[in-house]
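# Report on the structure
Okay, here's what each chain looks like letter by letter:
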Amino acid sequence: MDAHQLGLRQTGNETWTRSVARHLQHELGGHEVHFAVTEPAVPLFKTLVDAPYHVVSEQPVRRLALDLPAVLHRVRPHAVLSLYTAVPMSPPSVLAIHDLSPLDPRASEWWSARFRLRFRASVGLSVRAASTVIAPSEFTRHTIIDTYGLDADRVRVAAIAIDSELGALLDGGRRTTPAVPTVLSVGNVLPRKNLVTVARAVRRLRARGHVVRYRIAGQVTPQGLAVERQLRRILPDVEITGYVSELELAEAYLSSSLLAYPSLYEGYGLPIVEAMRARLPVICSASASLPEIAADACLVLDPLDVDAWTTWLERLVTDAALRRRFSTRGVARAREFDWRETARVVADSLLTAAAGRPATAAA
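Now for a look at the structure at hand. Quick caveat: nothing in here was measured; it's all calculated off a predicted structure. (Residues numbered from 1 in each chain as written. Predicted model: local features only at pLDDT ≥ 70, side-chain atom pairs only at ≥ 80, totals over all residues. Heavy atoms only, no water.)

## Notes on the side chain of Glu14
Along the chain, the position of Glu14 falls in helix α1 (residues 12–27). Given a relative accessible area of 7%, Glu14 falls into the buried group. Among the polar contacts made by the side chain of Glu14, one reaches the main-chain amide nitrogen of Gly7 at a distance of 2.7 Å. (Helix = DSSP H or I, 4+ residues; strand = E, 2+ residues; numbered from the N terminus. Buried < 20%, exposed > 50% of the residue type's maximum accessible area, 1.4 Å probe, protein only. Polar contact = N/O pair within 3.5 Å; in protein donor to acceptor, adjacent residues only side chain to side chain.)

## Observations concerning the nonpolar core
If you look at the biggest cluster of nonpolar residues, it comprises 84 residues, and the most contacted ones within it are Trp16, Leu24, Phe35, Ile144 and Tyr253. The biggest single contributor to this core is helix α14 (residues 339–355), with six residues. Ignoring sequence-local partners within four residues, the contact set of Tyr253 consists of Leu170, Arg175, Leu184, Val186, Leu259, Pro271, Glu274, Ala275, Ala278 and Leu280. Counting residues in each nonpolar core, the second largest holds 31 residues, with Val196, Tyr214, Val238 and Phe326 among its members. (Core = buried A, V, L, I, M, F, W, Y, C linked by side-chain atoms within 4.5 Å. Contact = heavy atoms within 4.5 Å.)

## Observations regarding the packing of aromatic side chains
For the structure on display, the rule yields eight aromatic pairs. Between Trp110 and Tyr265, the aromatic rings sit 6.2 Å apart at their centres with planes inclined by 55°, giving tilted as the arrangement. Here the residue Trp110 occupies a position in the loop between β4 (93–96) and α4 (113–129), and Tyr265 occupies one in the loop between β10 (258–261) and α10 (270–277), the gap between them amounting to 155 residues. Taken individually, Trp110 and Tyr265 each receive the classification buried, so the pair is uniform in this respect. Note on Phe115 and Phe119: the rings are 6.1 Å apart at their centroids and 40° apart in plane angle, and the pair reads as tilted. In this pair, Phe115 and Phe119 are both assigned in helix α4, four residues apart and thus about one turn of the helix distant. Of the aromatic side chains, those joined through ring pairs into one cluster are Tyr84, Trp111, Phe115 and Phe119. Positioned above the aromatic ring of Phe326, the side-chain terminus of Arg329 is 5.0 Å from the ring centre. (Phe/Tyr/Trp six-rings, centres within 6.5 Å; stacked < 30°, edge-to-face > 60°. Lys NZ or Arg CZ within 6 Å of the ring centre and 35° of its normal.)

## Digging into the sheet that holds strand β6 (residues 155–157)
Pairing within the open sheet is parallel, and its four strands lie in the order β3-β4-β5-β6. The sheet terminates laterally at β3 (80–83) and β6, the two strands that pair on one side only. Each adjacent strand pair in this sheet contributes to an overall mean axis angle of 25°, direction not counted. Relative to the sheet, helix α5 (residues 138–148) contacts β5 (132–135) and β6, its axis offset from that of β6 by approximately 175°. (Pairing = 2+ DSSP bridges. Axes fitted to C-alpha atoms, helices over the stretch in contact; angles between N-to-C directions.)

So, in C-alpha cells, the structure goes:
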C-alpha cells in the first residue's frame, strides 16, 4: 500500500489512508501487507499498524520514478494499492479515486493549468492500467466510468467513514450551545468550496438583526488567497482557523450551531458525515455527490442561491426543534458508514487483482 499521504495534512486523503491502513491487514487475513511511507510519517505509522514499512520520498517524481519501483523490486508484491496515481509498470493495481474535480468543465477556475494537465495524464494512465478502481460514492463511480470508458465491473464503491479517533472524541464530547450562534464550514479555503455563498447569507442575517458568527475550520491554500480576500470583504470578522488537529476539529463541531457545506464539487464530502456524527444539523449543496451522502438527513440547496441559504440558515439558527430534527436524522445516517466495510471492499479488490481474476461486480 502506498501510504505516503500519512502525516501530510491532506485532510480527506490522509483520513482515507490512515483508516484503510488500520483495517486492511485484518480484512486480508494471513496475507502480508507492506506499506510505503515518508520519513516524517514513520512515528505516526507505527501507532497505526504493526507491519513492514519502506521509506519513500515526499517529492512526487522521485517517489513514483525511483523509490516506489525500488520497493516493488524488493518486495515483489502480488498487488499494489494506490490513491489517485499508481506506480508505472507495477504489479496488478487497485486504485482509489475520491473525485475528478480537476476534469470538471469549471476546473480552470479551481486549479492551475499545470495541475490539471498533470492530473489528467497521471490519473488517466493509472485508471486505465488498474485492475479495479475504488470510488467513495455512486456519483464518483459513474463519473469514472463515463470519463474513462471503463467496464462497470471494474469500478466499485467503498464509502468513507469518519476517522475513529475523531469519532471517539465526538461520541465522548459534550455538545455546548455557543453564546453566539455559529455557522461552521469545514475544509480548506478553495474556489470550488463556494464559501462566499455562506458569507453572503450570514451578512444578510446580520442585516436582519441576527448576531451570527461564521467560522471556517481549514487552511487558506495558495489557490484560495483570492477567496480569502473576498470572504473578508464580505465579513471582515470571518474566522479562518488554519489547520486543525482531530481534537480541535471535534471541538469545532461540538461548539457550533450548524454545518454549512456549499461546495460546487465533491466526490464525497466527508465533513457532512463528521457533522452528522457530531449531532450537528447540516445544510449542503445539491452538487455532485453531496445529495447522495446527505440522503434525507440534511437540508440540500442550490449552492448559488443566496436567498435560499439565508432563509434556511435563519430557520436553523432560530428554531431549536428544527435543529433537533435534523440532528437526530444525521446521527442515524452517519452510523451507516463503516471503515471495516470500506477495508473489506479494498481487500477483496486486492485479492482479486493478485489472483488475476476479472473484477467482481460493483458493490
